[in-house]
Amino acid sequence: MKANLLVVDDDLHITGLLRRILAYEGYNVTVASSGDEALSRTLEYAPDLIVLDIMLPGIDGLEVVQRLRSAGDNVPILLLTARDAVADRVKGFDVGADDYLIKPFAPEELVARVKALLRRNQAERHEILRYADVELDTGTRIAHRGPREIELSPTEYELLALFLRRPRQVLTRDIIMDRVWGMDFEGSSNVLEVYVGYLRTKLEANGESRLIHTVRGIGYVFKE
């Protein structure tokens, strides 16, 4: 069955180009030109993936992502933007985007990222990940430690899911950054350490034992 994609950009030339590229790959493509239209189209068509420009008239792409995630919609979202600053990319992931593509981009890279997001979403739809007394439902994105429910931000969810898929395995910083943020951070950004801290705090909120351990100079390991 063909996947249904929603492409959102206020530049008609770009939406036309993206529609042709993605339709050639066999996808059903719907377009929108504003944030408000993106939200209404999402409700109307329930797309399998959204390709979303950040700079939109009215509410911008980041606000669209935030509203969808707040409403419990976990549709994969690929952000498009001319902004390439690390802070801008971090903000995009923090509000709940799944991937980030900087303009200008090669059509082949766009298609590859769309395919990867669709594969990941299909694989995760009804999966229950477990290790020790931690459980994560990838369909609802709800985590538990024992009987206690843990509320996760989108980035915390991705980080915990990665750890639960590879328990007892030492994961390098580069691997985690690539799998969770989908990009390489430059310089001395400590965003990974910050989110590991957030996740540890939530997992250990009732005095439970530590599961995320630092492997000095390498990365982290999730183990009892």
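Calculation criteria
Residues numbered from 1 in each chain as written. Predicted model: local features only at pLDDT ≥ 70, side-chain atom pairs only at ≥ 80, totals over all residues. Heavy atoms only, no water. Axes fitted to C-alpha atoms, helices over the stretch in contact; angles between N-to-C directions. Helix = DSSP H or I, 4+ residues; strand = E, 2+ residues; numbered from the N terminus. Parallel < 35°, antiparallel > 145°, perpendicular 65-115°, else oblique. Contact = heavy atoms within 4.5 Å. Nonpolar A, V, L, I, M, F, W, Y, C, P; charged D, E, K, R; others polar. Core = buried A, V, L, I, M, F, W, Y, C linked by side-chain atoms within 4.5 Å. Buried < 20%, exposed > 50% of the residue type's maximum accessible area, 1.4 Å probe, protein only. Domains from an automatic or database assignment. Pairing = 2+ DSSP bridges. Right-handed = clockwise from strand over helix to strand, strands pointing away. Left-handed = near helix turned anticlockwise from the far one by under 90°.

Labelled according to an unreviewed UniProt entry, the protein appears under the name Two-component system response regulator MprA, originating from Thermosporothrix hazakensis.

Peer 1: Just to check I follow, could you spell out the packing of helix α7 (residues 173-181) against helix α8 (residues 191-203) for this structure?
Peer 2: A pair of packed helices is captured by two measures, namely the crossing angle of their axes and the spacing between those axes. Packing of α7 against α8 brings their axes to within 11 Å, and their N-to-C directions diverge by 75 degrees. Comparing the axis directions of α7 and α8 gives the class roughly perpendicular. Together, Arg173, Ile176, Met177 and Trp181 of α7 and Val191, Leu192, Glu193 and Tyr195 of α8 make up the contact between the two elements. Of the residues assigned to the contact of α7 with α8, the class counts are 6 nonpolar, no polar and 2 charged.

Peer 1: Teacher, can you tell me more about the nonpolar core here?
Peer 2: If you look at the biggest cluster of nonpolar residues, it comprises 51 residues, and the most contacted ones within it are Leu160 and Ile176. Per element, the largest residue contribution to this core is 7 residues, and it comes from helix α6 (residues 154-165). Per-domain counts for this core show at least three residues from each of domain 1 (2-123) and domain 2 (126-220). Setting aside residues no more than four positions away along its own chain, Leu160 makes contact with Val134, Leu136, Ala143, Leu152, Leu199, Leu203 and Phe222. One finds Leu22, Tyr27, Val29 and Leu110 within the second-largest nonpolar core, a separate group that totals 19 residues.

Peer 1: For this particular structure, what's the right way to read the pairing of strand β3 (residues 49-53)?
Peer 2: Each regular strand displays side chains that alternate between the two surfaces of the sheet. For β3, the buried fraction is high: 5 of the 5 residues fall into the buried class. Across the two faces of β3 the burial is the same, with Leu49, Val51 and Asp53 and Ile50 and Leu52 all buried. Where strand β1 (residues 4-8) lies against β3, 4 bridges are found, and the strand directions are parallel. Across the sheet, Val7 pairs through a bridge with Val51, a residue of β3. Crossover handedness for the path β3 to helix α3 (residues 61-70) to strand β4 (residues 77-81): right-handed.

Peer 1: Where do I start with the packing of helix α2 (residues 35-45) against α3 in this structure?
Peer 2: Where α2 meets α3, the axes come as close as 9 Å, and the angle between the chain directions of the two elements is 30 degrees. One element, α2, and the other, α3, form an angle in the roughly parallel class. Like other packed secondary-structure pairs, α2 and α3 cross with a definite hand, here right-handed. Facing Gly35, Ala38, Leu39 and Thr42 of α2, the residues of α3 in contact are Val64, Arg67 and Leu68. Tallied by class, the residues present in the contact of α2 with α3 amount to 4 nonpolar, 2 polar and 1 charged.

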